Amino acid sequence: MSVGIHHQRGLTLLELLLASAIFLIISVAAYAGWRQVQLVKTSTDEQSQRMDDLQRTFYYLADDFGQLVNRPVRDAFGSELHPLQLNDIGENRIEFTRSGWVNPAFEIVPPRSTLQRVAYRVEDNQLFRVYWYHLDRAEDQITKKRLLIGGVSELSFRFFDTSKQWKENWPPLSNTGDVFSMPLAVEVTITFDDVGEITRLFQVRGS
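Throughout what follows, the structure given in this document is the object of discussion. Note that the coordinates shown come from a computational prediction; the quantities given were computed from them, not determined experimentally.

### As for a nonpolar patch on the surface
A grouping of Leu18, Ile22 and Ile26 is seen on the molecular surface, where their side chains present a nonpolar patch of about 300 Å² in accessible area. Inspection of the secondary structure puts isoleucine 26 in helix 1 (residues 13-65). Here isoleucine 26 falls in the exposed class, since its relative accessible area comes to 54%.

Following this line, the structure appears as structure tokens:
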């Protein structure tokens, strides 16, 4: 009875190199595909977050300007500030009094007014909404501010007054007296680094 002898043939160096090259090509292609998917996902997430920031920003603007009231206040030095005041100098680009500020959690004791002093300012290309707990401010009163959106290069306003004219300043330079009328509408233009210029018109309550 004869017994057969089987010889096992190993891989040659050339075959090993060829297999390694094929594996490397497949790995690189797989990584490139995964990387592209991640880049698309990151871009989509960033765009989605940007849209959320834009919607939140214009929501606050619409809510604030829609609640404008004719109520002047005093600053920490006792100087009177107009109910609606556009500033060319200082931190706050625009500052005004609004109503409808609810306090469901009773954060302030005793309960504070439902009127609120609000301002918008741009710092380091970021748009902030600023507010105070009390209308007439004391020297030690804490300023609260909330970041709305970044990438802001310019913030400008126009005002549609009761004579149906657009004003670049508020209070209008022609106004006299202590009581100023309120505009019928406020036009807000924000220039962004990425999406460019966006303009929105907000109707003032009761106009």
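### Side note on the nonpolar core
Grouped together as the largest cluster of nonpolar side chains are 30 residues, with contacts concentrated most on Phe65, Ile94, Tyr120, Phe157, Val188 and Ile190. Leaving out residues up to four positions away in the same chain, tyrosine 120 has contacts with Tyr60, Leu61, Asp64, Asn92, Arg93, Ile94, Phe96, Leu127, Phe128, Arg129, Leu148 and Leu155.

### Quick notes on the pairing of strand 5 (residues 116-123)
Most of strand 5 is tucked away, with six of its eight residues classed as buried. Pairing of strand 4 (residues 94-98) with strand 5 involves five bridges; the strand directions are antiparallel. Within strand 5, the residue paired with arginine 98 across the bridge is glutamine 116. Bridge analysis of strand 5 against strand 6 (residues 126-132) gives seven bridges, and the strand direction is antiparallel. If you follow arginine 117 over to strand 6, its bridge partner there is tryptophan 132. Linking strand 5 back to strand 6 in an antiparallel pair, the connection comprises two residues, with aspartate 124 at a positive phi of about 50 degrees.

The rules we used
- Residues numbered from 1 in each chain as written.
- Predicted model: local features only at pLDDT ≥ 70, side-chain atom pairs only at ≥ 80, totals over all residues.
- Heavy atoms only, no water.
- Patch = residues over 30% accessible without salt bridge, like charges linked within 9 Å, V, L, I, M, F, W, Y side chains within 5 Å.
- Areas by Shrake-Rupley, 256 points an atom, 1.4 Å probe, with all protein chains shown as cover.
- Salt bridge = Lys/Arg side-chain N within 4 Å of Asp/Glu carboxyl O.
- Helix = DSSP H or I, 4+ residues; strand = E, 2+ residues; numbered from the N terminus.
- Buried < 20%, exposed > 50% of the residue type's maximum accessible area, 1.4 Å probe, protein only.
- Core = buried A, V, L, I, M, F, W, Y, C linked by side-chain atoms within 4.5 Å.
- Contact = heavy atoms within 4.5 Å.
- Pairing = 2+ DSSP bridges.

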